[in-house]
Structure formats: C-alpha cells, structure tokens
Amino acid sequence: MSLGEIFVSEFIGTMLLIVLGVGVVANNLLTKNKGRGTGWLMINFGWGLAVFVGVYAAYKTGGHLNPAVTLGVLASGAEEYVPGVAVNFANTMVYIVAQFLGAFVGAIIAWLAYKQHYDEHENQPEILGTFATGPEIRNPLWNTLTEVIGTFVLVAWVLFNGGSPTTVGPLAVALVIVAIGASLGGPTGYAINPARDLGPRVAHAVLPIKGKGGSDWGYSWVPIVGPIIGGVLAGLIFGTGALNVLGM
C-alpha cells in the first residue's frame, strides 16, 4: 500500500468519525436542536457509532483513526499495522498526519451542518465543548491520568482483539467506546484520541463562529499527552510478545 493510499484511508475514516462525533455533541448542546438535552449516553452512543463508521471507512489501514492507537501498535512490537503496511517511520507519520487533518476537516463539516444553531447559541464553553474536550474539575495531573486510563483500556482492547481468534471488528470497538464514555468519560469528556481533540480545537480557533470565545489552549496538551501515554503503555504491556505468552 502506498503512502498516498494510507493517507486517504485514515483521512476519510477520521473525517467521518469527527463529522458524526462533533455532530452528536452539537445536537445535544446547541440551541433549537431536535436532540437538545438528550444527555450523556446519547453522546456516548453517538461517538461509538461514529467510530463504527470511521473504522469501516478506513478498513484498508486497520481503521486506527487515532494516533494513540497507531503509537500503541508501534510500541507493541508489531511488524505491520495491517498486512502490507510495515511499521516504520514514514508510514507512522502518514497515519498521524492524516488523522489530524481528517479530524480538522471533519469538525468544519460538522460546523457547516449546524451553522445556524451555532449562530444562535450564546454559551461559549458549550460551543467549545462541541469541538473539544474539557475537564469538569480542572486539575492537569488528574485529568491526564484519567485520559491515560481511558486510552489504555481502548488500546489494550484493540491489541487483544487483534491477537484473538474471535476478531469481531468495528461493531465491537464501537461498543468499547460507548463503555469507556459511560464508565470513564465523566471527568474529562474522554478524548482518548489526540487527533479527535486537537483537530477540532484548531477548527474552533479558526472558524468564524459568532461569540465563540477562546479555545482553551492551556488545557489542550492534556488530551494529547494523556492518550499518547495510555496508548504506548498498553502497547508495551500487552504487546505481541505478551499476547503470545498469554496464548492470544
């Protein structure tokens, strides 16, 4: 698979993930939406199904959609991301760049779908909250730890699933996302994906959204650093060698 094919696969998959993910939060929070106030579980299921769609769209590259997954697989000692795509520097960078750009473009598309509702919404934190995550109790150390734990669960599951004889695919990872959101998502909004947070946060910063306020760059490192640590730890602990020892 060429670098261009890798880029297109991960870009499209991540773009669709963010269109639907940002969209479900906007539907839940913004003024005059039919889904306004439908709640946290609606957001959890919306993000889960967004992952389902994105993983299918990016099936050729394994549907990572997330630098923490890519780096977790790299840390696991795997030789290929998928058959025919070697784990090397060039391929890794293309995965990550495509994921960030796909997330940025996906957020812009979601904003276009809800443009009139953004124009009428006056709550600045909620406007930002449709794009990027933020903590309920701001403590960078604990917020980072929460993101580490949530991402560790995700990447560990990805590795177990890929190494098991019962690979169940995109629907299962969608349900894992719902489970992480329902169980661990409350403190920080569960970014568990650096691209998912940074791409839309940049979109929030550059889009002409009426009365949008700031993009909270002081917090922006947490949903980058936490997921990367969690993904790499999962890769190191549950890498290919460990899975072989466990008979998986």
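The structure reproduced in this document is the subject of the present report. (Residues numbered from 1 in each chain as written. Predicted model: local features only at pLDDT ≥ 70, side-chain atom pairs only at ≥ 80, totals over all residues. Heavy atoms only, no water.)

Focus: the overall build of the chain
Within the chain one finds 11 helices and 2 strands. Order of helices (α) and strands (β) in the chain, N terminus to C terminus: α-α-α-β-β-α-α-α-α-α-α-α-α. The C-alpha radius of gyration computed for the chain amounts to 17 Å, which stays within 12% of the reference 18 Å derived for 248 residues, consistent with globular compactness. When burial is assessed residue by residue, the chain has 49% of its 248 residues classed as buried. Considering only contacts in the chain between residues 6 or more positions apart, those separated by 24 or more positions represent 77%. Total accessible area on the chain stands at roughly 10800 Å², and carbon and sulfur atoms take up 69% of it. Across the chain, the 10 positively charged side chains and the 12 negatively charged ones have centroids separated by 11 Å. (Helix = DSSP H or I, 4+ residues; strand = E, 2+ residues; numbered from the N terminus. Rg over C-alpha atoms; globule rule 2.2 N^0.38 Å. Buried < 20%, exposed > 50% of the residue type's maximum accessible area, 1.4 Å probe, protein only. Contact = heavy atoms within 4.5 Å. Areas by Shrake-Rupley, 256 points an atom, 1.4 Å probe, with all protein chains shown as cover. Lys, Arg positive; Asp, Glu negative; His and termini not counted. Charge placed at Lys NZ, Arg CZ, Asp CG, Glu CD.)

Topic: helix H2 (residues 40-57)
Every α-helix carries 3.6 residues per turn, so stepping three or four residues along brings you back to the same face. With 18 residues, H2 extends 26 Å from end C-alpha to end C-alpha; this agrees with the ideal 26 Å at 1.5 Å per step. Within H2, the full set of buried residues consists of Ile43, Asn44, Gly46, Trp47, Gly48, Ala50, Val51, Gly54 and Val55. Where the residues of H2 are buried, they touch helix H1 (3-29), helix H8 (170-184) and helix H9 (194-206). (Expected span 1.5 Å × (residues − 1).)

Observations concerning the environment of Asp216
With respect to the helices and strands, the residue Asp216 is situated in the loop between H9 and helix H10 (222-237). Classification of Asp216 by relative accessible area gives partly exposed; the value is 24%. In sequence terms Asp216 and Gly134 are 82 residues apart; their C-alpha atoms lie 8.5 Å from each other. Discounting chain neighbours no more than four positions away, the residues touching Asp216 are Leu128, Arg138 and Arg201.

Some remarks on a nonpolar patch on the surface
On the surface, a nonpolar cluster with roughly 560 Å² of combined accessible area is contributed by Leu141, Trp142, Leu145, Ile149, Val153 and Leu184. Take the nonpolar patch: its biggest share by element is 5 residues, from helix H7 (residues 140-163). When you line up the elements, Leu141 lands in helix H7. Of the residues examined, Leu141 reaches a relative accessible area of 64% and is grouped as exposed. (Patch = residues over 30% accessible without salt bridge, like charges linked within 9 Å, V, L, I, M, F, W, Y side chains within 5 Å. Salt bridge = Lys/Arg side-chain N within 4 Å of Asp/Glu carboxyl O.)

Some points on the packing of H9 against H10
Their axes nearest at 8 Å, the elements H9 and H10 cross at an angle of 165°. Accordingly, the angle class assigned to the pair H9 and H10 is roughly antiparallel. Considering how the two elements wind past one another, H9 and H10 form a crossing that is left-handed. Across the interface between the two elements, Pro194, Asp197, Leu198 and Arg201 from H9 touch Pro223, Ile224, Pro227 and Ile228 from H10. Here the contact of H9 with H10 is built from residues that sort into 6 nonpolar, no polar and 2 charged. (Axes fitted to C-alpha atoms, helices over the stretch in contact; angles between N-to-C directions. Parallel < 35°, antiparallel > 145°, perpendicular 65-115°, else oblique. Left-handed = near helix turned anticlockwise from the far one by under 90°. Nonpolar A, V, L, I, M, F, W, Y, C, P; charged D, E, K, R; others polar.)

Things to note about the pattern of salt bridges
Counted by the stated rule, this structure contains 4 salt bridges. Glu120 is the partner of Lys32 in a salt bridge, and the nearest nitrogen-oxygen pair spans 2.9 Å. Of this pair, Lys32 sits in the loop between H1 and H2 while Glu120 sits in helix H5 (residues 115-120), and the two are 88 residues apart along the sequence. For Lys32, a relative accessible area of 60% gives the class exposed. We note a salt bridge from Asp197 to Arg201, for which the minimum N-O separation is 2.8 Å. One end of the pair is Asp197 and the other is Arg201, both in helix H9 and 4 residues apart, which spans about a single turn. Look at Asp197 and you get buried, because its relative accessible area is 0%. Look at Arg201 and you get buried, because its relative accessible area is 0%.

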